[in-house]
Amino acid sequence: MNKPRRHDLSDKGAIILGGAHGSLEITRSLGRRGIRVWLITADNPLPGLSRYVERTLSWPGPGSDDALRFLAEICGRDALTGWVLLPGSDEDVRFVAQNHAALTAQFTLVTPAWDKLRWAADKRLMNLRAAELGIAYPHSFYPKTREDLSRIDLSFPVILKPTARDDRNRFADAKAWRADDLAALVSRYDKAKSLIGADRIMIQEMIPGGGTTQFSYAAVWHGGRPIASLTAQRCRQYPIDFGFTSTLVETVRRPEIEAAASKFLSALDFTGLVEIEFKYDTRDGTYKILDVNPRAWTWLGLGAAAGIDFAALQWQLACGESVAPAEARTGAQWRYLSRDIAALLAETIAGRMSPLGYVKGLHRSSAFAVFAWDDPWPAFLDLPLSALRIATRRLARRGRETATALQSAKITP
């Protein structure tokens, strides 16, 4: 495979494709260093509210047939050849990886080509590679038909997951659905199948334990080796019992997780930003791999607070600069304040936490998801923007689902 072209970045900038809080953190990190930043998004405008974004463009999105042409046109029109292209969402990462050859002729890429990335982007392949490497993962089942559900050798409760998040719908956005019995499993399977198809659904054992049993390895790799990394623990989440959003994350030491993640990424000869999620299973004392995110993650800002600015390191590597090794300090915290307050209310109602104890712990936070003293506007507009996006997305989904149902019934609206 041909190596990506090395562009001169002395007078270039960065183009961020999509994303939300992780993309906002990249914007701030690069902007504070005087690096020009453009945002191209089809969904979340949050990063574009930063004072460090020079220009924001809307585009049809990575799933559009015109996506490549759109980027080629702005590259020529605005003299963006050689700029670093940083995908911020799962869909954007997939698009860049699958069009690696075409894009590398115009931009500086920090994303692996699809032949490597697919092992991280597809959970079925991720589990297969983990099994080959001797890395623990949850027992998983891939039903081909509805009838297969009654033959699943898993104890309830179980969870349903999409094998890949390359589309926007209720199932993909939720990341996982819980089923407590066979009737619930069948019902949720039918709904998931209507949204993404039967061949992209996986059913997994539900590992006991709350958010505090979930850990992550976060790093930037280059040429199949780690440049800088940290391990973090999810201290709180929302919803509190089956959360899909971290609201409080803290750096910790977990050599077992670092070893497992390094084994997985070394096998891929990986390059780029990556976060790998694990969950500790008290039943057998193992950390089981759950997910691989080969792009900026929500709590990316925790890295800089712990002494490792992942975005700056990735820029330096793209420029061909040498990077000095750095070690993350433990005890650094990242907090998504608005959602963490919602988690506090739920924890208080459940009798697990007091508001006074919460306030006493606020001083430990080293980084926040949205707020920054030198860039305050995103924090002020995060909540109304989130509410608007959720409402708009739900209306759009309802329209698509209605159209699908009518088409299935062969009724013309």
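Preceding this section is the structure that the text describes.
Note that this is a predicted model, so its numbers are computed, not measured.

How each quantity is defined
- Residues numbered from 1 in each chain as written.
- Predicted model: local features only at pLDDT ≥ 70, side-chain atom pairs only at ≥ 80, totals over all residues.
- Heavy atoms only, no water.
- Pairing = 2+ DSSP bridges.
- Helix = DSSP H or I, 4+ residues; strand = E, 2+ residues; numbered from the N terminus.
- Axes fitted to C-alpha atoms, helices over the stretch in contact; angles between N-to-C directions.
- Contact = heavy atoms within 4.5 Å.
- Parallel < 35°, antiparallel > 145°, perpendicular 65-115°, else oblique.
- Salt bridge = Lys/Arg side-chain N within 4 Å of Asp/Glu carboxyl O.
- Buried < 20%, exposed > 50% of the residue type's maximum accessible area, 1.4 Å probe, protein only.
- Core = buried A, V, L, I, M, F, W, Y, C linked by side-chain atoms within 4.5 Å.

(A) Main features of the sheet that holds strand β13 (residues 272-281). Taken in spatial order, the 7 strands of this open sheet run β14-β13-β10-β11-β12-β15-β16, and their pairing is mixed. Every other strand in the sheet has two partners, leaving β14 (286-293) and β16 (365-368) as the edge strands with one partner each. Strand-to-strand twist in this sheet, taken as the mean axis angle between neighbours without regard to direction, amounts to 30°. In terms of strand pairing, β13 meets β14 through 7 bridges, oriented antiparallel. In the strand pairing of β14, tyrosine 280 is matched with tyrosine 287. Relative to the sheet, helix α9 (residues 255-267) contacts β10 (214-222), β11 (225-238), β13 and β14, its axis offset from that of β10 by approximately 45°.

(B) Local environment of the packing of helix α5 (residues 114-121) against helix α6 (residues 123-133). Closest axis-to-axis distance for the α5/α6 pair is 5 Å, and the angle between their directions is 90°. With respect to their mutual orientation, α5 and α6 come out roughly perpendicular. Packed against α5, whose contacting residues are Arg118, Trp119 and Ala121, the element α6 presents Lys123, Leu125, Met126, Leu128 and Arg129 at the interface.

(C) How the structure looks around unusual backbone geometry. Here phenylalanine 156 and proline 157 are connected by a cis peptide whose omega angle stands at 0°. Looking at where proline 157 falls in the secondary structure, it is placed in the loop between β6 (140-141) and β7 (158-162). Residue tyrosine 238 is joined to proline 239 through a cis peptide bond whose omega torsion reads -5°. Here proline 239 is to be found in the loop between β11 and β12 (245-252). Not every positive phi belongs to a glycine, and aspartate 269 is a case in point at roughly 50°. Its place among the elements puts aspartate 269 in the loop between α9 and β13.

(D) Molecular detail of the pattern of salt bridges. Enumeration according to the criterion identifies 23 salt bridges in this entry. Among the ionic pairs, aspartate 374 bridges to arginine 32, the shortest N-O distance being 2.9 Å. Here arginine 32 lies in the loop between α1 (21-31) and β2 (37-41) and aspartate 374 lies in the loop between β16 and α14 (377-408), a separation of 342 residues in the sequence. The class for aspartate 374 is partly exposed, based on a relative accessible area of 29%.

(E) Representation of the nonpolar core in the model. By size, the foremost hydrophobic cluster in this structure holds 41 residues, and its most contacted members are Ile26, Leu30, Leu86, Val220, Trp299, Phe310 and Trp334. Among the elements that take part in this core, helix α11 (residues 310-318) stands out by supplying 6 residues, more than any other. Here phenylalanine 310 is in contact with Ala218, Ala219, Val220, Ala228, Ser229, Leu230, Leu273, Trp297, Leu300 and Gly303, once residues within four sequence places are set aside.

(F) How the structure looks around the packing of α6 against α9. Interhelical geometry of α6 versus α9 gives an angle of 110° and a closest axis separation of 10 Å. Relative to α9, the element α6 is oriented roughly perpendicular. Only Lys263, Phe264 and Ala267 of α9 make contact with α6, whose side of the interface consists of Met126, Arg129, Ala130 and Leu133.

(G) Quick peek at the pairing of β7. Of all 5 residues in β7, 5 are buried, a share of seventy percent or more. Of the two faces of β7, the one lined by Val158, Leu160 and Pro162 and the one lined by Ile159 and Lys161 are each fully buried. Relative to strand β8 (residues 177-179), β7 runs antiparallel, the two being bridged by 3 bridges. Looking at the pairing, isoleucine 159 lines up with arginine 178 of β8. Relative to strand β9 (residues 201-205), β7 runs antiparallel, the two sharing 5 bridges. Within β9, the position partnered with lysine 161 by the bridge is methionine 202.

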